[in-house]
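# Secondary and tertiary structure notes
This is what each chain is made of:
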Amino acid sequence: MAMVKQETVQGFQGLPALRQIGLMIGLAASVALGVAVVLWSQEPNYTVLYAGLGNKDAGQVVDALKKTGIAFEIDQQSGAVMVASNRVRDARMELAKEGLPEGGSMGFEMLQKDQGFGTSQFIETARYQHALEGELSRTISTLRNVESARVHLAIPKRSVFLRDRASPTASVMVNLYSGRRLNEEQVSAIVHLVSSSVPNLETAKVTIVDQRGNLLSNGSGSSGMAASSSQFSYNRKLEMTYTDRIRKLLEPIVGPGRIRATVNADLDFTVTERTQENYNPDLPALRSEQVSEETSNEKSEGASGIPGALSNQPAGQPSLVDPSTSTGDTETTSMSGNKSTRSVRNYELDKTISHTKLASGNIRRLSVAVVIDNKQELDENEELVSKPWSADELERFTTLIKESVGFNARRGDTVNVINASFVVPPEPEPVPELSLMEQPWIWDVAKQAVGALGLLIVVFGILKPVMRSLAEKGEQSAQQQAALAAAGGGEVNAGGQDQLSLSGGTPQLAGPQANSYENTLETAKTVVNDDPKRVAQVVKNWVGEDG
């Protein structure tokens, strides 16, 4: 089956050469337009991946996208990197793995650049300070809730005079992700991070502000407020610990979500230090002993004794001695002796010195309140009904709760367990789905539909009508040739003047014989009315042949 009908070819050959060239150019342009529309419809819609990137970051992002095989484009006006709308999240996750984009802040790599000739000490100091700020900004930006950060350091010049010395200060600007915030512990961590990175920087001299202008750090550095905050945090953690114990203990019995518990802990944060000395008199111990003893023995014929009044007194009355009783010479002698003993003993008593610092945060009193939902049971009709717990069951629950929290009656602890029916919360409304126009794929489908429509317009609006017109002209030309051949009783020679074609040939058109004289006459009239010049040329040829 031929791609083009014979009548279409005849109609095309029947056109002048200039019109044939114009028609071919128009058909080629139509086909090219259709192909362009189809290719345009197949291209995805590109969305900006990251805006406002520097040249270095943009180059790193482009290299990473090439490695991952994700198609991208670069906006010629803004220089933004764009990817297909359905690959934006994939591209951002792939870039996040590589740590891109790094941002505009530079760290210590700034010091590796060529500083040039004649750089002053002031420029070197400023460059080092700027590099330190960039490193701190990068470190703070690695926190999960922080999107980006900027750090400004005010480091005064050191002075040799103590009275003129000034302490450095720092200010931190954090840009948080949407819906995120920093708690007190994270703010304190950032403060200590910055103060530890700069010499002689105190934590009270660090200020942190978010993108909304909220002051996150307390610049006063009050130790009393800091202590109160830590005490409150410890109290909350202790209460949450007791609450979790109760919930985990009773949920397997009453069911998940069917118990509510609250614990109020009264804590004593008083800091007490005590020093005590104890003596035990019942346990003496001999530490040292010193004994000194002196003894003296002497014979004396004269005066003896201790000098003084007693030794100078006159002698007593003389006495007579019987010579018969005397056995020998009589010799008068006196014996004297001295002896002294001294003992020194030192005793040590049992002494105990104790220094005690009592821990703070002791529990003064616990108050526990627990609400338990009704139990669910099946009735006679196998339907689920709600029934209250019995008194014995509530008593057993109370005993379990007391054991779990360390109940102490001497402290005045209280535990109250109540059974009540919980109100069933209404079911949340489903999240509304995105409209059809907000769906990301609708634009791709619309693009393809526009491409298909354009292709159909080119085919059925341009190509088909042209082909049909050429076919109709070919049929008319064939009928005219047939009518002329029938009227002349022979064949009609269509020469170069009768019909122009791109091939330059002079084909012979032979038409079918007329069925009747009326049809032939009617056809001849039609040909004369449609193309009188051509009919005149044919008649002229006939006359020339007959002459």
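Now for a description of the structure that goes with this document.

Rules used throughout
Throughout, residues of each chain are indexed from 1 in the direction in which the sequence is written. Per-residue local features of the predicted model are confined to residues with pLDDT of at least 70, and side-chain atom pairs are confined, for both listing and counting, to 80 or more; whole-chain, interface and lining totals are unaffected and use all residues. Side-chain numbers come from the whole structure's heavy atoms, not from hydrogens or water. Should DSSP find at least two bridges between two strands, the strands are taken to pair. Each helix corresponds to a stretch of at least 4 residues labelled H or I by DSSP, and each strand to a stretch of at least 2 residues labelled E; elements are numbered beginning at the N terminus. Only the stretch in contact is used when fitting a helix axis, every axis being a line fitted to C-alpha atoms; angles between N-to-C directions are given from 0 to 180 degrees. The contact rule is simple, with two residues in contact once any of their heavy atoms fall within 4.5 Å. A simple rule labels every residue: compare its accessible area, found with a 1.4 Å probe on the protein chains alone, to the largest value its type can have, and call it buried under 20%, exposed over 50%, or partly exposed in between. Only buried residues count toward a nonpolar core. Its members are Ala, Val, Leu, Ile, Met, Phe, Trp, Tyr and Cys residues joined through side-chain atoms within 4.5 Å. By definition, no residue in a patch forms a salt bridge, and every one has over 30% relative accessible area; like charges are joined within 9 Å, nonpolar side chains (Val, Leu, Ile, Met, Phe, Trp, Tyr) within 5 Å. Areas reported here follow the Shrake-Rupley algorithm with a probe of radius 1.4 Å; residue values treat only the protein chains shown as occluding. Put simply, a salt bridge is a Lys or Arg side-chain nitrogen that is within 4 Å of an Asp or Glu carboxyl oxygen. Each Phe, Tyr or Trp ring, with Trp reduced to its six-membered ring, pairs with another whose centre is within 6.5 Å; inter-plane angles below 30 degrees give stacked pairs, above 60 give edge-to-face pairs, and intermediate values give tilted ones.

## With respect to the sheet that holds strand β5 (residues 169–176)
Judged by pairing direction, the sheet is mixed, and its 3 strands sit side by side in the order β4-β5-β6 without closing on themselves. A single partner strand is all that each edge strand has here, and the edge strands are β4 (146–154) and β6 (206–210). Averaged over all adjacent pairs, the angle separating strand axes in this sheet is 15 degrees, with direction ignored. Both β4 and β5 contribute to a ladder of 8 bridges, which runs antiparallel. Within β5, the residue paired with Val151 across the bridge is Val172. In this fold helix α5 (residues 121–141) packs onto β4 and β5, with an angle of close to 150 degrees to the strand it touches most, β4. Running over the sheet, helix α6 (residues 184–197) touches β5 and β6 and is turned about 135 degrees from β6.

## Details of unusual backbone geometry
For Asn200, which is not a glycine, the phi torsion comes out positive at approximately 65 degrees. Structurally, Asn200 can be placed in the loop between α6 and β6. Unlike most non-glycine residues, Glu382 shows phi in positive territory, near 60 degrees. Within the secondary structure, Glu382 sits in the loop between β11 (375–378) and β12 (384–387). Judged by relative accessible area, which is 60%, Glu382 ranks as exposed.

## Concerning the nonpolar core
Formed by 21 residues in total, the largest nonpolar core has its most connected members in Ile246, Val368, Val370, Ile372 and Ile401. Going through the elements one at a time, α7 (223–254), β7 (259–268), β10 (362–372), α8 (391–405) and β13 (414–419) are the ones with two or more residues in this core. Not counting chain neighbours up to four residues away, the residues in contact with Ile372 comprise Leu250, Val254, Arg258, Ile259, Trp389, Phe397, Val417, Ile418, Asn419, Ala420 and Phe422. Within the second largest apolar cluster, 20 residues are counted, among which are Val187, Val198, Leu201 and Val206.

## Side note on a nonpolar patch on the surface
A cluster of nonpolar side chains, Leu455, Leu456, Val459 and Phe460, forms an exposed patch at the surface whose accessible area comes to about 340 Å². Within the secondary structure layout, Phe460 lies in helix α9 (residues 442–488).

## A closer look at the environment of Asn214
With respect to the helices and strands, Asn214 occurs in the loop between β6 and α7. Not counting chain neighbours up to four residues away, the residues in contact with Asn214 comprise Ile208 and Val209.

## Things to note about the pattern of salt bridges
For the structure on display, the rule yields 12 salt bridges. Lys375 is the salt-bridge partner of Glu393, the closest N and O atoms lying 3.6 Å from each other. In this pair, Glu393 sits in helix α8 while Lys375 sits in strand β11, placing the two residues 18 residues apart along the sequence. A relative accessible area of 17% means that Glu393 is categorised as buried. A salt bridge links Glu377 to Lys387; the nearest nitrogen and oxygen atoms lie 3.5 Å apart. Of the two residues, Glu377 is situated in strand β11 and Lys387 in strand β12; the sequence distance between them amounts to 10 residues. Each of the salt bridges in this network shares a partner with another, and the network as a whole consists of Lys375, Glu377, Lys387 and Glu393.

## Quick look at the packing of aromatic side chains
The geometry of an aromatic ring pair is captured by two quantities: the separation of the ring centres and the angle between the planes. The tally for this structure, following the rule as stated, stands at 2 aromatic pairs. Ring plane angle 75 degrees and centroid distance 6.3 Å describe the contact between Tyr234 and Phe269, whose orientation is recorded as edge-to-face. One end of the pair, Tyr234, is in helix α7; the other, Phe269, is in the loop between β7 and β8 (272–300), and 35 residues separate them in sequence. The class for Tyr234 is partly exposed, based on a relative accessible area of 41%. Residue Phe269 is classed as partly exposed on the basis of its relative accessible area of 24%. With 5.3 Å between their ring centres and 75 degrees between their planes, Trp389 and Phe397 make a pair best called edge-to-face. Residue class for Phe397 comes out buried when judged on its relative accessible area of 5%.

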